[in-house]
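Here are the chains, one letter per residue:
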Amino acid sequence: MKSLKFIWPLGLFGFLVTAPEAHATDPSIYLTEAAGSVCQPRAGLGSANYTNFGRIQNEHTTQQLQMDCPVPFMVDRSYGDPLHVYVNLTGNGSNISCTAFVEKLTALPSSPDFFSAFASTSAVGATQLSMSLNVFEGLSDGVLHVFCTLPAKTASGAAEVRGFTVLD
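Residues numbered from 1 in each chain as written. Predicted model: local features only at pLDDT ≥ 70, side-chain atom pairs only at ≥ 80, totals over all residues. Heavy atoms only, no water.

Enquirer: I'd love a proper account of the pattern of salt bridges, names of residues and values included.
Expert: Close approach of charged atoms allows side chains of opposite charge to pair. Enumeration according to the criterion identifies two salt bridges in this entry. Among the salt bridges present, the one from Glu160 reaches Arg55, with a minimum N-O distance of 3.0 Å. Here Glu160, found in strand β11 (residues 160-167), pairs with Arg55, found in the loop between β3 (48-50) and β4 (56-58); they are 105 residues apart in sequence, far enough to count as distant. The class for Glu160 is buried, based on a relative accessible area of 6%. (Salt bridge = Lys/Arg side-chain N within 4 Å of Asp/Glu carboxyl O. Helix = DSSP H or I, 4+ residues; strand = E, 2+ residues; numbered from the N terminus. Buried < 20%, exposed > 50% of the residue type's maximum accessible area, 1.4 Å probe, protein only.)

This is the structure we're talking about:
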């Protein structure tokens, strides 16, 4: 019985040493999620309020709030692969608009300096904006930005960005 006590741990060690190597793929390459609290208000517009649930909302009753929400940008592995951006919002019946863009490395005279997409809604309550950008490996770099404009607070409440997701 004593010999089994010593052989069993050696057998387990041998199995662990000879087990195939695990290859994990970093999920951040394919998915990035962020709370609305990463968004920063642009100077002089609206009145940003950060809630304790990671949201940013416009508390001003007459001015719109413009904000910049930066997220890490992933260079696509294949040429012309779309990048999908989903912005989770709470609307108050007035127009909310968002534009997602990534800077181009090569600015040809016939093309814009950014890959961009736009979406808007005037929904009340929880909703989602969806945008797709065709980005190109080797031609884009830096940070993906989502610029959103939240309307002034109404009787339905304050419009807010709850968070966003980027799928590559």
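Enquirer: Can you tell me about the packing of aromatic side chains, naming the residues and giving the values?
Expert: Evaluated as defined, the whole model comprises one aromatic pair. Ring centres 5.2 Å apart and planes at 55 degrees place the aromatic pair Phe101 and Phe147 in the tilted group. Of the two residues, Phe101 sits in strand β7 (residues 96-104) while Phe147 sits in strand β10 (residues 140-150), which places them 46 residues apart along the sequence. The lysine or arginine in question, Arg42, covers the ring of Phe147, its NZ or CZ lying 4.8 Å from the ring centre. (Phe/Tyr/Trp six-rings, centres within 6.5 Å; stacked < 30°, edge-to-face > 60°. Lys NZ or Arg CZ within 6 Å of the ring centre and 35° of its normal.)

Enquirer: Hey, could you go over the environment of Asn88 for me, with residue numbers and the actual values?
Expert: By the secondary structure assignment, Asn88 is in strand β6 (residues 82-92). Sequence separation between Asn88 and Arg162 is 74 residues; the distance between their C-alpha atoms is 5.4 Å. Not counting residues within four places of it along the chain, the set of residues in contact with Asn88 comprises Thr127, Gln128, Glu160, Val161, Arg162, Gly163 and Phe164. A distance of 2.8 Å separates a polar atom in the side chain of Asn88 from a polar atom in the side chain of Gln128. (Contact = heavy atoms within 4.5 Å. Polar contact = N/O pair within 3.5 Å; in protein donor to acceptor, adjacent residues only side chain to side chain.)

Enquirer: Kindly report on the state of the cysteines, identifying the contributing residues and their values.
Expert: Note on terminology: disulfide describes a covalent bond linking the sulfur atoms of two cysteines. The final tally for this structure, using the stated rule, is two disulfides. Cys39 shares a disulfide with Cys69; S-S distance 2.0 Å. Residues Cys39 and Cys69 are joined through a disulfide that is right-handed, its torsion about the S-S bond being 105 degrees. Pair noted here: Cys39 is in the loop between β1 (31-35) and β2 (40-41) and Cys69 is in strand β5 (residues 65-72), with a separation of 30 residues, a long-range link. Residue classification places Cys39 among the buried residues on the basis of a relative accessible area of 0%. Look at Cys69 and you get buried, because its relative accessible area is 0%. (Disulfide = S-S within 2.5 Å.)

Enquirer: If you had to explain the confidence of the model for the protein to someone new, which residues and values would you point to?
Expert: Averaged over every residue, the pLDDT of the protein is 77; the share at 70 or more is 65%. Averaged pLDDT values for the elements of the protein fall to 49 in helix α1 (residues 2-18) and rise to 93 in β4. Low pLDDT, under 50, characterises residues 15-28; the stretch is placed with two contacts to residues that sit more than four places away or in other chains. (pLDDT = per-residue confidence, 0-100.)

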